[in-house]
Amino acid sequence: MSKLRGWFGEKKAIFSMWLSLDKDVYRRFHDVIIPGRNGTTQIDHLLVSSYGLFIVETKNKKGWIFGSEEQPKWTQSIYGKKYSFQNPLRQIFRQKKVLSEFLELDESNIRPVVYFVGDSKFKTRLPDNVINSRPGRY
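S.K.: What's the story with the sheet that holds strand β8 (residues 120-122) in this structure? I'm lost.
M.R.: As a general point, the strands of a sheet are linked pairwise by backbone hydrogen bonds and lie either parallel or antiparallel. With respect to topology, four strands assemble into an open sheet ordered β6-β5-β4-β8, the strand pairing being mixed. Each having just a single partner strand, β6 (81-86) and β8 make up the two edges of the open sheet. When the angles between neighbouring strand axes are averaged without regard to direction, this sheet yields 30°. Two strands pair when backbone bridges link them, and strand β4 (residues 63-66) and strand β5 (residues 73-78) are joined in this way by three bridges, in the antiparallel orientation.

Rendered as structure tokens:
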């Protein structure tokens, strides 16, 4: 069920990006596998533009989301139950490193974004690159 939810979330993100990002400005690549020194890394969405490269990690979660940049685990609270999941900022940190090495490109040109596509509400202050709506606005 979790893999299906993840797949569906990525499709929702693709559609949202198709609606909100100008195709003449952004080239979109989805489900990209990049080889690294310690195996491969999978990037949900890679956007290439004159503004830089954007790695977009999709999370299909609903309910309340609690977390901070420093915490290794974040919490999803839904219907009175709590579930923990890996801090997606840590996940995207590795993706950024691997992509930077692979392309021989300075990391400052790569902008990581975590995009929650489910009906979620952030209950703690999260960095600006963690969004739950309108990726084109970011």
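Further notes follow.
S.K.: Can you help me understand the sheet that holds strand β2 (residues 39-49) in this one?
M.R.: What the five strands build is an open sheet, ordered β1-β2-β3-β7-β9; its pairing is mixed. Both outer strands of the open sheet, β1 (27-36) and β9 (130-131), are each paired with one neighbouring strand and no more. Two strands pair when backbone bridges link them, and β2 and strand β3 (residues 52-59) are joined in this way by five bridges, in the antiparallel orientation. In the strand pairing of β3, L46 is matched with I55. The sheet strands contacting helix α2 (residues 88-103) are β1, β2, β3, β7 (110-116) and β9, and the helix crosses β3 at an angle near 145°.

Rules used throughout
Here, residues in each chain are numbered from 1, in the same order as that chain's written sequence. Only residues with pLDDT of at least 70 get local features here, since the model is predicted, and only at 80 or more are side-chain atom pairs given and counted; chain-wide, interface and lining totals rely on the full set of residues. Working from all heavy atoms in the structure, the side-chain values ignore hydrogens and water. Here a strand pair is declared whenever DSSP counts at least two bridges between the two strands. Comment: elements are numbered from the N terminus, with helices defined as DSSP H or I runs of at least four residues and strands as E runs of at least two. Between N-to-C directions, angles span 0 to 180 degrees; the directions come from axes that are lines fitted to C-alpha atoms, helices contributing only their stretch in contact. Here a residue-residue contact requires only that any non-hydrogen atoms of the pair lie within 4.5 Å.

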